[in-house]
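The primary structure of each chain is shown beneath.
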Amino acid sequence: MTLYLDDHTYRYELENLCRALFAPEEVRVEEGAPPQGENYIYAGAGEAGGEMALTVAASLGGDFVRRKERLRPDPREGKSQCEHALGRMLYRIVGESTGRQLPWGILTGVRPAKLIERYETLGYTEPEIQRAFIQDLFVAPEKYELCRDTSYREREIIALSGPKSYSLYVSIPFCPTRCRYCSFVSQATDRERGLIPAYVEALEEEIALTGEIAAGLGLKLETVYFGGGTPTTLSAEQLGRLLDRVERCFDLGGLREFTVEAGRPDTITAEKLAALKAGPVSRISINPQALTDEVLRTIGRGHTVEQFFKSFALARKMGFDNINTDVIAGLEGDSLSGFQGTIDGLIGLGAENITVHTLSIKRSSTLRQDRGEAPLPGESQAAQMVRYAAGRLREEGYLPYYLYRQKNMLDNLENVGYTRPGFDGLYNVYIMDETHSILAVGAGASTKLRQPGGSRIERVFNYKYPLDYLKSFEEMKKRKWQVRDFYERYMV
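Report follows, based on the coordinates. (Residues numbered from 1 in each chain as written. Predicted model: local features only at pLDDT ≥ 70, side-chain atom pairs only at ≥ 80, totals over all residues. Heavy atoms only, no water.)

Pairing is mixed across the open sheet formed by 5 strands, whose spatial order is β2-β1-β3-β4-β5. At either end of the open sheet lies a strand with only one pairing partner, and these are β2 (28-31) and β5 (63-71). Pairwise comparison of adjacent strand axes, ignoring direction, gives a mean angle of 15° for this sheet. Bridge count between strand β4 (residues 51-60) and β5: 9 bridges; the pairing is antiparallel. By the bridge assignment, Ala57 is partnered in β5 with Arg66. Seen against the sheet, helix α1 (residues 11-22) touches β1 (2-6), β2, β3 (40-48) and β4 and runs at an angle of roughly 160° to β1. (Pairing = 2+ DSSP bridges. Helix = DSSP H or I, 4+ residues; strand = E, 2+ residues; numbered from the N terminus. Axes fitted to C-alpha atoms, helices over the stretch in contact; angles between N-to-C directions. Contact = heavy atoms within 4.5 Å.)

See below:
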């Protein structure tokens, strides 16, 4: 399928909408008018007399359809009005020709809850916003309700952040094995184990430098997140060293949350949990992804269902009372009944957070490279999985508190964090909303600087892979001072 764009700059929305509508078919994008005799979508826009003249045409399976529309742009809406108009025309044409519909309609953005806030800023009432989502953007009613409820809860969390607030992310890019769906830069420890001691030593130094910069700027640390990779790939002694360095180099007096991803049950030991408990850690993740051994073997997870249950019980025994568990809807070899068993099992454990991801077929994952080897659940089945999780979790008192979407997700679905009241994962909201700056340390980490009281965002990138991080460590430390330069420019 080829998308032809003519005389406008609305590529992002239309390209991503086409990719969702025609998945898994590849979509190419070209400029100008289409040639005859091939399947294509054409979208053109031109201005005349203060109005926008919009055209969408499609040649699909030998059928040709064209729609035209003229609109006078509302200055409050900006370019999104034309984007949405072209998207509606495209969506209708494809739907009429193929019968394909998407749960999120023409919305392609990562954070749909932000659109609710934008409508409110423009003076829309709740019924008007609902009508805009369902009638104008073709969003399914249950997705609008999810988006609305999540938006309200997110804003309560965002309100906790002040002009000088920030969070700290610590990257541990090592895992016991690489899962088939993973696209992160994490390194399998069987190949990279020799780098870990030097990596931990360098990371301690970068943590100290970052703490020095933050203290000099008078910033207020809200949350800390150890992610990766799998931080508990490190030894108990190495984890303790890093936690101690954070405690000594940062003011934790106002800290609201300290999370460590103990994501792989096969990396969890009593000694490592004791090291976390002795430090400032208040929240951990133990992620099964599925509670079916055959599925775990298929995706290369490297642990069993029994190991997950034992690790969870051990964490409870050692006093962890805020545990997140991740699951993925649509994994290779999974079934609706198997997924239902996973959700019911986690509810039975009483996990404080249950985060429901939809499988995303990412370009750099092993799954994308040899997707034909193992069967994926049908798209309708992935949607059934997500629907079951939403219903069961709400029945059990879990509330959606953060929501985001990714490209190449099965059935154009979403990722949702559900929580028992009072156990929201604050860092998850802050990073997705871009509420405040995230100072990030370690290989593959990206510092995201948010202008206090404003909307400008700048990034400072670390080297991607552990070996490059170590080789270019002095250069990377120099980059870190861009944090101070940013705040000196924009601090009110």
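With that out of the way, let us pick up the state of the cysteines. According to the stated counting rule, one finds 0 disulfides in the structure shown. Here Cys82 is not disulfide-linked; the sulfur of Cys18 is the nearest cysteine sulfur, at 17 Å. (Disulfide = S-S within 2.5 Å.)

Turning to the packing of helix α3 (residues 113-121) against helix α4 (residues 126-136), a few remarks are in order. Look at α3 against α4: their axes get within 10 Å of each other, and the N-to-C directions meet at 130°. Here α3 lies oblique to α4, going by the angle between them. Every pair of crossing elements has a handedness; the one defined by α3 and α4 is right-handed. Of α4, the residues touching α3 (which contributes Leu115, Ile116, Tyr119 and Glu120) are Ile129, Ala132 and Phe133. (Parallel < 35°, antiparallel > 145°, perpendicular 65-115°, else oblique. Left-handed = near helix turned anticlockwise from the far one by under 90°.)

What follows deals with the pairing of strand β9 (residues 220-228). Counting buried residues in β9 gives 7 out of 9 residues, a clear majority hidden from the surface. Both β9 and strand β10 (residues 257-261) contribute to a ladder of 4 bridges, which runs parallel. Note on β10: the bridge partner recorded for Phe226 is Val260. (Buried < 20%, exposed > 50% of the residue type's maximum accessible area, 1.4 Å probe, protein only.)

Most of strand β14 (residues 399-404) is tucked away, with 5 of its 6 residues classed as buried. Examined bridge by bridge, β14 and strand β15 (residues 415-419) share 5 bridges and lie antiparallel to one another. Residue pairing in the sheet places Leu399 in a bridge with Thr419 of β15.

By the definition in use, this model includes 39 salt bridges. Its salt-bridge partner being Glu306, residue Lys310 comes within 3.2 Å of it at the nearest N-O pair. On the criterion of helical spacing, the pair formed by Lys310 and Glu306 is a turn pair, its members being 4 residues apart in helix α11 (residues 305-317). The class of Lys310 is exposed, set by a relative accessible area of 55%. (Salt bridge = Lys/Arg side-chain N within 4 Å of Asp/Glu carboxyl O.)

Let us now look at the nonpolar core. Counting residues in hydrophobic clusters, the biggest one holds 126 residues, and the most contacted among them are Ile41 and Phe133. Here this core takes 10 residues from helix α7 (residues 196-217), the largest share from any one element. (Core = buried A, V, L, I, M, F, W, Y, C linked by side-chain atoms within 4.5 Å.)

Turning our attention to unusual backbone geometry. Following Gly228, the chain continues to Gly229 via a peptide bond in cis, the omega torsion being 10°. Mapping Gly229 onto the fold places it in the loop between β9 and α8 (236-249). Phi angles above zero are rare outside glycine, and Gln289 is one such case at about 70°. Examined against the element boundaries, Gln289 turns out to sit in the loop between β11 (283-285) and α10 (293-298). The buried category is assigned to Gln289, whose relative accessible area is 8%. The phi dihedral of Asn412 is positive, around 55°, even though this residue is not glycine. When you line up the elements, Asn412 lands in the loop between β14 and β15.

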